[in-house]
Amino acid sequence: MTATNEAPSGTEPVTMMDFFMHLDYREPLAPVMVHYAETLEDGRIIGHRCPQCGLVYVPPRGYCPICVVETGDADELTLADTGVVTNYTIITPVQYYGQQETEPFAKASVLLDGGGILSLQDIVDCPVEQVRVGMRVAAVWVPAEARTTAEMTNRSAGSAEGCIRGFRPTGEPDLPPEEFVDKVV
Amino acid sequence: MASPDIAIVGYAQSPSYRRAELTEVQFLYPVINAAIEQSNIERRSIGFTCAGSCDYLSGQTFAFVMNLEAVGAWPPISESHVEMDGAWALYEAWVRLQHGDIDSALVFGSGKSSPGTPAEIYPLQLDPYTLSPLGVDPVSLAALQARVMLDRGMITERDMAEVAVRSRRAAASNPYAQVTASPDVDDLLQQLYVTSPLRRHDLPPISDGASAVVLATADKAREVSDHPVWIRGIDHRIEPHQPGMRDLGVSVSTKLAGEKAGVGEAAVDVAELCATFTHQERILLDALGLDGGVDVNPSGGPLAANAVMAVGLTRVVEAARAIRERGARRAVAHATSGQCLQQNLVCVLEA
């Protein structure tokens, strides 16, 4: 933590002070996330299927918060890297400090075929005005030698950053909403 | 005015981890499940849930919402959160149960201190103009408090080391404890100061962990449990948070809370005190009017396991455990918040 207080000049009363601080946190990846990260680097997306309700969680959390049961290796399954856009947001960047983007881009929730949802995925190779709910998409993997999960944290819900660049449209016909409305958490 | 009796019908705690490899939600799972299972109350019929945790510890805004994943919050439940130790969540649940429209409540406290740097985080809870920018950390403030006591002749450094030795020996039989050993007082006194007059053994460990309690109204408690532990009194009081405005050698708020909770109305077998630094035990015993006949911190206390945000509620769990599992008749649990015992909660439990 750092504190910066500029000394008041002359005899002016102090009316304002700056107090800049930062805090560092280092939390090791939980074992279930370590396993998820390793398999993702190998080009495979895994999840846990709840033994009670059947919902699939990706990354696996080690539990189903709906049924309040713990999940483990026996509940693990490999998921498809193709799916459907269930929701999206077009972000129009404004230029604040640290903002890297300059053009509007899409972040989407992708329900993978067979279950499991990856949220906050980039939709790539597609003009943002064409992004839509129901659009069929496929993962665009980072080349194997360039994949990294170094930035992954226990809070990376849905993250595949560093291994999957984003999802591109496959050109297949859209999936009607009734096919996926109750499969989204 | 007499309050309706509320009882503890289930409790559980996690081990105290120096650095938990599981996430906070993950280690909450078995704790909450065990407390509910012991209560014999069906999860979905619990009327209220209250949690205590700290987003600054987690390093994420609204981190406390994630913890509900260990509760079962779908379909929606009635729940609340305090940015305080779980002992204050217990107080809120106790108040909630006074309304009489529900008969049970789940309370939990949890925290991971290991990812951050406590000495940098805690100054941020102090006065943002004169104390936070100085980076005044808990150990430095506790050292000032210990110095007041030493100068006044209330305590010696040997007394402090003896508290550490007794805590660690007691912790050896506590499966949840983190710091267990049987050091020699003279050896401890040979150690260098960390922050004079405090040595390493005067400080609590850095811990991750959780604890949980299930409360029930009197009728419900008798229905589900053969051994309810009754809350006979509970109260909490607060003092100014600027340490310079208080006499650090006494705890007025603990004294008041203890009187309101009825500590002195009968003999006390066990006291589980949140004396996070060795010297604070003397202040708390004086404030609560407890003497040599009381078994103080048979669990080892916060010097053996200090999962911040759970450690106060764990005192309640340990006091309940002393009654239900070891035959104590009457126990006092104490929790604290802020620096140098600024805010204090006292809870009297009976078989």
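That block above? That's the structure.
Just so it is clear, the model here is predicted, and its values are computed rather than measured.

What counts, and at which threshold
Residues numbered from 1 in each chain as written. Chains lettered and ligands numbered in written order. Predicted model: local features only at pLDDT ≥ 70, side-chain atom pairs only at ≥ 80, totals over all residues. Heavy atoms only, no water. Helix = DSSP H or I, 4+ residues; strand = E, 2+ residues; numbered from the N terminus. Rg over C-alpha atoms; globule rule 2.2 N^0.38 Å. Buried < 20%, exposed > 50% of the residue type's maximum accessible area, 1.4 Å probe, protein only. Contact = heavy atoms within 4.5 Å. Areas by Shrake-Rupley, 256 points an atom, 1.4 Å probe, with all protein chains shown as cover. Lys, Arg positive; Asp, Glu negative; His and termini not counted. Charge placed at Lys NZ, Arg CZ, Asp CG, Glu CD. Pairing = 2+ DSSP bridges. Buried area = accessible area lost by both parts, 1.4 Å probe. Salt bridge = Lys/Arg side-chain N within 4 Å of Asp/Glu carboxyl O. Polar contact = N/O pair within 3.5 Å; in protein donor to acceptor, adjacent residues only side chain to side chain. Core = buried A, V, L, I, M, F, W, Y, C linked by side-chain atoms within 4.5 Å. Axes fitted to C-alpha atoms, helices over the stretch in contact; angles between N-to-C directions. Phe/Tyr/Trp six-rings, centres within 6.5 Å; stacked < 30°, edge-to-face > 60°. Parallel < 35°, antiparallel > 145°, perpendicular 65-115°, else oblique. Nonpolar A, V, L, I, M, F, W, Y, C, P; charged D, E, K, R; others polar.

**Brief notes about the overall build of chain B**
Alright, step 1. Summing up its helical and strand segments, chain B has twelve helices and twelve strands in all.
Alright, step 2. Taken over C-alpha atoms, the radius of gyration comes to 19 Å for chain B, in line with the 20 Å a tight globule of 351 residues would show.
Alright, step 3. By its C-alpha atoms, chain B is 55 × 45 × 35 Å across when sized along the principal axes.
Alright, step 4. When the 351 residues of chain B are sorted by exposure, 62% land in the buried category.
Alright, step 5. Across chain B, the fraction of contacts at a sequence separation of at least 24, relative to all contacts at a separation of at least 6, is 79%.
Alright, step 6. Carbon together with sulfur atoms contributes 52% to the accessible area of chain B, which is approximately 13,600 Å² in total.
Alright, step 7. With 28 positive and 42 negative side-chain charges, chain B shows a separation of 2 Å between the mean positions of the two kinds.

**Notes on the overall build of chain A**
Alright, step 1. A count of helices and strands for chain A gives one helix and ten strands.
Alright, step 2. Secondary structure of chain A in N-to-C order comes out as α-β-β-β-β-β-β-β-β-β-β.
Alright, step 3. Its C-alpha atoms give chain A a radius of gyration of 21 Å, more than 25% over the compact-globule value 16 Å for 185 residues.
Alright, step 4. The buried share among the 185 residues of chain A stands at 39%.
Alright, step 5. Looking at chain A as shown, the accessible area adds up to about 10,600 Å², and 51% of this sits on carbon and sulfur atoms.
Alright, step 6. Placing the 12 positive and 27 negative side-chain charges of chain A at their respective mean positions leaves the two points 6 Å apart.

**What about the pairing of strand β7 (residues 208-217) of chain B?**
All names here are of chain B.
Alright, step 1. Burial within β7 is extensive, with ten of its ten residues counted as buried.
Alright, step 2. A two-sided burial pattern is seen for β7, the buried positions comprising D208, A210, A212, V214 and A216 on one face and G209, S211, V213, L215 and T217 on the other.
Alright, step 3. Examined bridge by bridge, strand β1 (residues 6-13) and β7 share seven bridges and lie antiparallel to one another. Paired with A7 across the bridge in β7 is A216.

**Let's talk about the interface of chain A and chain B**
Alright, step 1. Opposite the 27 residues of chain A that make contact, chain B presents 34 residues.
Alright, step 2. Counting the surface lost from both chain A and chain B, the interface buries some 2,400 Å², and carbon and sulfur atoms represent 60% of this.
Alright, step 3. Across the chain A-chain B interface, the total number found is two salt bridges.
Alright, step 4. With a shortest N-O distance of 2.6 Å, K112 of chain B and E27 of chain A are connected by a salt bridge.
Alright, step 5. The tally of links from chain A across to chain B stands at eight residue pairs in polar contact (both at pLDDT 80 or more).

**Focus: the nonpolar core**
Alright, step 1. Membership of the largest hydrophobic core comes to 36 residues, with the highest contact counts inside it found for I8, L90, V107, V213, L215, I231 and L349 of chain B.
Alright, step 2. Among the nonpolar cores identified, the runner-up in size contains 30 residues, and A20, V71, A210 and V224 of chain B belong to it.

**Brief notes about unusual backbone geometry**
Alright, step 1. Following V58 of chain A, the chain continues into P59 of chain A via a peptide bond in cis, with omega recorded as -5°.
Alright, step 2. Relative to the assigned elements, P59 of chain A resides in the loop between β2 (56-57) and β3 (63-64).
Alright, step 3. Between W74 of chain B and P75 of chain B the backbone carries a cis peptide bond, its omega angle lying at 0°.
Alright, step 4. At D125 of chain A, a position not held by glycine, the phi torsion is positive, near 55°.
Alright, step 5. For D125 of chain A, the location among the structural elements is in the loop between β8 (117-122) and β9 (136-141).

**Observations concerning the sheet that holds strand β9 (residues 270-272) of chain B**
Residues and elements named next belong to chain B.
Alright, step 1. With mixed pairing, the ten strands of this open sheet are ordered in space as β3-β2-β4-β7-β1-β8-β12-β11-β9-β10. The two strands at the open ends of the sheet, each matched to only one other strand, are β3 (79-82) and β10 (295-296).
Alright, step 2. Sheet topology note: the β1/strand β8 (residues 229-238) ladder contains three bridges and is antiparallel. When the sheet's bridge partners are listed, A7 is paired in β8 with W230.
Alright, step 3. Lying on the sheet, helix α1 (residues 24-39) is in contact with β1, β4 (104-112) and β7; it crosses β7 at an angle near 25°.

**Re the packing of aromatic side chains**
Where two aromatic rings form a pair, the distance of their centres and the angle of their planes describe that pair.
Residues and elements named next belong to chain B.
Alright, step 1. The final tally for this structure, using the stated rule, is four aromatic pairs over all chains.
Alright, step 2. Geometrically, the ring pair formed by Y91 and W94 is tilted, given 5.8 Å between the ring centres and 35° between the ring planes. Of this pair, Y91 and W94 are both found in helix α4 (residues 86-98), three residues apart, which corresponds to roughly one turn of the helix.

**Quick look at the packing of α4 of chain B against helix α12 (residues 311-326) of chain B**
Residue and element names in this part refer to chain B.
Alright, step 1. Contact pair α4 / α12: the axes reach a minimum separation of 5 Å and the direction vectors enclose 65°. The pairing of α4 with α12 is recorded here as roughly perpendicular in orientation. Residue-level inspection shows G86, A87 and L90 of α4 in contact with α12, the latter providing G312, L313 and V316.
Alright, step 2. Its residues assigned to classes, the contact of α4 with α12 comprises four nonpolar, two polar and no charged.

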